[in-house]
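What the coordinates show
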Amino acid sequence: MSTETPKLSNCKKLNRLKTECTLRIVAGSLVRKNADSLSEQEILTLQTVLKKLEDDHTEHGFQALAAYHAEPSQCRMKDGRLIACCTHGMPTFSHWHRAYVVQFEQALVEKGLANIGVPYWDWTQPITELPELVRHQIYRDPTGGVGQKNSWFSADIEHGDVHTHTARAVDDRLYEHVAPGGKTHLFSMMLDALEQEEYCHFEVNVRGVCLSLRLSVSLAEHHITPNHIKPRTRHHS
């Protein structure tokens, strides 16, 4: 699956939270593969570039990108309230998140990703284990043979006085046994969504699939703030 990748250029810093950029399209430069079909080198490349992105604490790094999806809230309502910029429960849910994946993908390109894009995961098929890319807590850095944290498995969330460590926590119900010719629960949910005749009903059903899948592979959170009582912080899982 090829993708046209918007490339950020001519960026101008407007303020602490906002940067205005011109988008330049790089056509067909990346191929998105099934996560279960990645080679060892492709897995290593994806693990390495995401760690580089997470280690970048500037406005171009992981924390800034993840915050745009959730917290700290950055989008202002008409009444002045700040909310998360992602759109959930709205007709634009799919559109917004598709663009967000491209933005995440381009951030990885800036850290050295080439040829392959963000892989997809076909979770409609019976699952016996998570893809190798996200399964292990550490990976071995071939340049020095030292184990490195796998950022596809866990992450640290930092903003303000919130310091949260997350780690993958899989619900065993994800590994659903399906009889020959049968369908998984997630497959059936997605099929119901595709059979809807009105777009808003389709969007609501897709949102249900997304929530169910996210809860199945969600990141368990461990707050390490000084007083150990802080609001939950949701970045993209």
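Everything below is about the structure printed above this text.
Computed from a prediction, not measured in an experiment: that's the story for all the values here. (Residues numbered from 1 in each chain as written. Predicted model: local features only at pLDDT ≥ 70, side-chain atom pairs only at ≥ 80, totals over all residues. Heavy atoms only, no water.)

Moving on, we get to the pairing of strand β9 (residues 162-168). The buried fraction of β9 is high, at five of seven residues. Linking strand β8 (residues 154-159) back to β9 in an antiparallel pair, the connection comprises two residues, with glycine 160 at a positive phi of about 60 degrees. (Buried < 20%, exposed > 50% of the residue type's maximum accessible area, 1.4 Å probe, protein only. Helix = DSSP H or I, 4+ residues; strand = E, 2+ residues; numbered from the N terminus. Pairing = 2+ DSSP bridges.)

Turning next to the pairing of strand β6 (residues 138-141). Both β6 and strand β7 (residues 146-149) contribute to a ladder of four bridges, which runs antiparallel. Paired with tyrosine 139 across the strands is glutamine 148, a residue of β7. Where β6 folds back onto β7 in an antiparallel hairpin, the turn is made up of four residues, including glycine 145, whose phi is positive at roughly 70 degrees.

Glancing now at the pattern of salt bridges. Overall, the coordinates contain 10 salt bridges when judged by the stated rule. Where salt bridges share partners, they join Glu54, Lys149 and Asp156 into one cluster. (Salt bridge = Lys/Arg side-chain N within 4 Å of Asp/Glu carboxyl O.)

The contact between helix α1 (residues 40-55) and helix α3 (residues 93-110) brings their axes to 9 Å, and the two run at 95 degrees. On the basis of the axis angle, α1 is roughly perpendicular to α3. Note on element contacts: α3 touches α1 through Phe104, Ala107 and Leu108, opposite Val49, Leu50 and Leu53. Split into classes, the residues belonging to the contact of α1 with α3 amount to six nonpolar, no polar and no charged. (Axes fitted to C-alpha atoms, helices over the stretch in contact; angles between N-to-C directions. Parallel < 35°, antiparallel > 145°, perpendicular 65-115°, else oblique. Contact = heavy atoms within 4.5 Å. Nonpolar A, V, L, I, M, F, W, Y, C, P; charged D, E, K, R; others polar.)

Before going further, it helps to examine the nonpolar core. One broad rule of soluble globular proteins: the nonpolar side chains tend to lie buried together. Counting 37 residues, the largest nonpolar core has Phe104, Leu108 and Trp152 as the members making the most contacts within it. Of all the secondary-structure elements, those providing two or more residues to this core are α1, α2 (62-69), α3, α4 (132-135), α5 (185-194) and α6 (199-216). Tallying contributions element by element places α3 first for this core, with six residues. Contacts of phenylalanine 104, omitting those with residues within four sequence positions, involve Leu50, Leu53, Leu65, Val118 and Trp152. (Core = buried A, V, L, I, M, F, W, Y, C linked by side-chain atoms within 4.5 Å.)

Each aromatic ring pair is specified by the distance between its two centres and by the angle formed by the two planes. All told, the structure shown has four aromatic pairs when counted by the stated rule. A ring pair is formed by tyrosine 68 and tryptophan 96, whose centres lie 5.7 Å apart and whose planes are at 25 degrees; its orientation type is stacked. Of this pair, tyrosine 68 sits in helix α2 while tryptophan 96 sits in helix α3, and the two are 28 residues apart along the sequence. A relative accessible area of 32% places tyrosine 68 in the partly exposed class. Arranged with centres 5.1 Å apart and planes meeting at 20 degrees, the rings of tryptophan 96 and tyrosine 100 form a pair that is stacked. With tryptophan 96 and tyrosine 100 both in helix α3 and four residues apart, the pair spans about one turn of that helix. Exposure class is identical for tryptophan 96 and tyrosine 100. Each is buried. (Phe/Tyr/Trp six-rings, centres within 6.5 Å; stacked < 30°, edge-to-face > 60°.)

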